[in-house]
Structures are given as structure tokens and as C-alpha cells.
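Examining the three-dimensional arrangement
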Amino acid sequence: MRKYSTSLFLLTCFAVLVFLTLSAPKAVAETDTLTTVDVPGAIETDCNAINRQGAIAGFYIDSSGVNHGFTLTNGTFKIINVPHSTGTLAYGINDTRQVVGWFTDTQGLTHGFLLSAGQFSKIDYPGATFTNAWTINNAGTIVGTYIGTDGRFHGFIDKAGAFTSYDAPNGSVLTEILGDNNREQMVGIFFDSSSVQHGFQLSNGHFRQIDYPGSGVTASDRINDSGEIVGLYGATSSGPFSGYTKVGTTFTSVTFPGSTETRVRGINNTGTIVGRYTDSGGVIHGFFGTP
């Protein structure tokens, strides 16, 4: 990973109050513990990850349509903008509050980033034309996706700047690694040879396909150290989607009250989840809670 030559820091901060399994899913989760998160003045807020201490990482879209990353800790938002970028999205945070995500540069190219101790490092898979960093664990292992010279999406694992590419087996045409835990178990999505989307779990080199029972498409976004998995599912790739949690072989659907769509994006080691939902007016809000 290449570090910028100058020290970089958070630009703005302000405070506000604020496996293949066929087990039948549980009924829709209790939703009265889910709480809305909105960045003041945003037209969209997405919560994407949460660490053990409850710090949330995500992004929002301002009234001009520009993306900004953020962290939310004890009611305080800190806004993340990679310098000289045209948009920043935060997707992962570990227990030492290192943050990963991606940004678009002034040439329109997408790069991953790591924010650690106030400094940004750019993450580019070697030779890639596009890199997204999705998650970072406490050991600093980063996972994500890149577009190779073949024009296809591949997963990657980045350990201290040493990259490993990963493609799901059996003729997959797209692979993205979206989450890793401190046991280096990983989850993500892949498109099979018929371009149907499935979730997956990768543990000690063993691959397991994940499909929410009865769904047409499934994504597995994050996994905590207990092996609990969260993600989304739907009838088709165009949605609408519902969120889910998976504990062992048991799926539980998660729907925010009154929403038209819910996506669960993150889970920490205490079982707290985060994500986003769309209200009846079409506005996207972040949320957190324990269903």
C-alpha cells in the first residue's frame, strides 16, 4: 500500500444526538430495537460496519449529491473525505478504529483506502483498474474486490500490502469478498456460471455457498468472531431486499418497521447489527440495533 507523502486527517467533525443450508428461516425479527441513524442534512445515510465498542462506519450523500464517509462514536459524527477525491465511502472499521473503504479520484478512478491514526493509505490491487476495500480485522487484514485486466470482479486479501486474489469455485463469473473476522473467516458474494448471485463463507480454505431459503439472490456481507453472518436476500437482483442474520443453520429475516427495503451490512462481536432501510417516501436511512 502506498501512503500519501503528507499527513492527512479527518476534515470535518461535529456532534449530534442522536454454507449451504436449507433450514427454514424464522419469522421476521422483532424490529422495535432498530434505531434510525441520519447524518444531519444528508439525503441518504448508510451504516456499513460496527466494531466491538459500538463505533459505526458508513457514508452519506449530501444535498449536492456528493458521497462522504463517516464514523459515529457515542453520538459524535466524524466526516471522512480522502483529500483530492470527488467522493468517499467508508465500509469497514476494526476495534482499533482503523477505517477502510474507497474513493473516486479526479480522473474518475476508484481506489481503496485505509485510514489509520489520522493518515490515509491508498489501496490498489496490482494492475487493477478498480479497487474496493470492504473490511479490516484487528490484525489489519483487509478484504475487498477489484476489477482485473480481464474486466471481471475478483476478491482479494491484503496482508500488510501482500495481495492474494480469490475467485469462488465452479465457474464463477464474479467474486467479491465483503467481510472477514479475527479468525480470518471470510464472507462475500459470487455469481455462478449462470450469473445467479449467492453468498458464501470461506473458512480455512473451505468454501460454502449460502442461500437464504426460498430466495432468488443472496449476499453475505459480514461475519463476526462467533460465526454469525449478516446480509440481504431478495427474489431478484433488482430487489427489493430484506436483511437477514444467520446463526448456525438458522436464518432470521430483518425488516425495519414501515420500510420498503432493508439491508443488513454489519455485525460486531456483541451481536449488534447495522445497515440501511428505505422509507415509504423512498429516502434511505441508516440504522443500528439487535433484532
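Residues numbered from 1 in each chain as written. Predicted model: local features only at pLDDT ≥ 70, side-chain atom pairs only at ≥ 80, totals over all residues. Heavy atoms only, no water.

1. Examining the overall build of the protein chain
- Each helix and strand in the protein chain was counted, giving 0 helices and 26 strands.
- Going through the 291 residues of the protein chain one by one, you find that 56% of them count as buried.
- Total accessible area on the protein chain is roughly 12,100 Å²; 52% of this is exposed by carbon and sulfur atoms. (Helix = DSSP H or I, 4+ residues; strand = E, 2+ residues; numbered from the N terminus. Buried < 20%, exposed > 50% of the residue type's maximum accessible area, 1.4 Å probe, protein only. Areas by Shrake-Rupley, 256 points an atom, 1.4 Å probe, with all protein chains shown as cover.)

2. Brief notes about empty space enclosed by the protein
- One number sums up the size of the largest cavity: a volume of about 270 Å³.
- Taken together, 24 residues line the largest cavity, and the ones lying closest to its centre are Ile50, Ile93, Asp180, Ile223 and Ile267.
- Looking at side-chain class alone, the lining of the largest cavity contains 6 nonpolar, 13 polar and 5 charged residues. (1 Å grid on protein atoms, 1.4 Å probe; cavity = no way out; pocket = protein on both sides within 12 Å on 5 of 7 lines; lining within 4 Å. Points joined across faces, edges and corners; volume = space filled by probe spheres on them. Nonpolar A, V, L, I, M, F, W, Y, C, P; charged D, E, K, R; others polar.)

3. Details of the pattern of salt bridges
- Tallied over the full model, the rule gives 5 salt bridges.
- Put simply, Arg276 and Asp46 hold a salt bridge, and the shortest N to O gap is 3.4 Å. Pair noted here: Arg276 is in strand E25 (residues 273-278) and Asp46 is in strand E4 (residues 44-50), with a separation of 230 residues, a long-range link. For the pair Arg276 and Asp46, a shared accessibility class is recorded, and that class is buried.
- Arg265 is the partner of Asp221 in a salt bridge, and the nearest nitrogen-oxygen pair spans 2.8 Å. With Asp221 in strand E20 (residues 217-223) and Arg265 in strand E24 (residues 261-267), this pair connects stretches of sequence that are 44 residues apart. Accessibility assignment for this pair places Asp221 and Arg265 in one class, buried.
- Here the salt bridges share partners, and the residues they tie into one network are Asp46, Glu261, Arg263 and Arg276. (Salt bridge = Lys/Arg side-chain N within 4 Å of Asp/Glu carboxyl O.)

4. Details of the packing of aromatic side chains
- Tallied over the full model, the rule gives 21 aromatic pairs.
- Measuring from ring centre to ring centre gives 3.7 Å for Tyr212 and Tyr233, while their planes differ by 5 degrees; the resulting arrangement is stacked. In this pair, Tyr212 sits in the loop between strand E19 (206-210) and E20 while Tyr233 sits in strand E21 (residues 229-234), placing the two residues 21 residues apart along the sequence.
- You can call Tyr212 buried: its relative accessible area is 5%.
- Geometrically, the ring pair formed by Tyr212 and Tyr244 is tilted, given 5.9 Å between the ring centres and 50 degrees between the ring planes. Here Tyr212 is found in the loop between E19 and E20, whereas its partner Tyr244 is found in strand E22 (residues 241-247), with 32 residues between them in sequence.
- Judged by relative accessible area, Tyr244 falls into the buried class, the value being 0%.
- What links up through ring pairs into an aromatic cluster is the set Phe59, Tyr91, Trp102 and Trp134.
- The ring of Phe251 carries the charged tip of Lys246 above its face, separated from the ring centre by 5.9 Å. (Phe/Tyr/Trp six-rings, centres within 6.5 Å; stacked < 30°, edge-to-face > 60°. Lys NZ or Arg CZ within 6 Å of the ring centre and 35° of its normal.)

5. Considering the pairing of strand E15 (residues 162-166)
- Relative to E15, strand E14 (residues 153-159) runs antiparallel, the two sharing 5 bridges. Bridging across to E15, Asp158 finds its partner in Phe163.
- Between E14 and E15, which pair antiparallel one after the other, the connecting turn spans 2 residues, and Ala160 there sits at a positive phi close to 55 degrees. (Pairing = 2+ DSSP bridges.)

6. Here we look at unusual backbone geometry
- For the bond from Gly239 to Pro240, the omega torsion is 0 degrees, close enough to zero to count as cis.
- Tracing the backbone through its elements, the reader meets Pro240 in the loop between E21 and E22.
- Positive phi values are uncommon outside glycine, yet Ala117 reaches one of about 55 degrees.
- Here Ala117 lies in the loop between strand E10 (110-116) and strand E11 (119-123).

7. Brief notes about the confidence of the model for the protein chain
- For the protein chain, the average pLDDT comes to 90, and 89% of its residues sit at 70 or higher.
- Confidence over residues 1-24 falls short of pLDDT 50; this stretch has 65 contacts with residues more than four positions distant or in other chains.
- pLDDT under 50 marks residues 26-31. Its contacts with residues more than four places away, or in other chains, come to 16 contacts. (pLDDT = per-residue confidence, 0-100. Contact = heavy atoms within 4.5 Å.)

8. As for the layout of surface pockets
- Of the volumes computed, that of the largest pocket is approximately 300 Å³.
- Looking at the largest pocket, it is lined by 18 residues, and the ones nearest its centre are Trp134, Glu176, Ile189, Arg263 and Arg265.
- Residue assignment for the lining of the largest pocket shows that the elements contributing at least two residues are strand E12 (130-136), strand E16 (174-180), E20 and E24.
- Among the elements that line the lining of the largest pocket, the one with the most residues is E12, at 3 residues.
- Counted by class, the lining of the largest pocket contains 10 nonpolar, 4 polar and 4 charged residues.

9. With respect to the sheet that holds E12
- Across the sheet, 4 strands lie side by side as E12-E13-E14-E15; this open sheet has antiparallel pairing. Each having just a single partner strand, E12 and E15 make up the two edges of the open sheet. Each strand of the sheet is rotated relative to its neighbour by a mean of 30 degrees, with strand direction disregarded. (Axes fitted to C-alpha atoms, helices over the stretch in contact; angles between N-to-C directions.)

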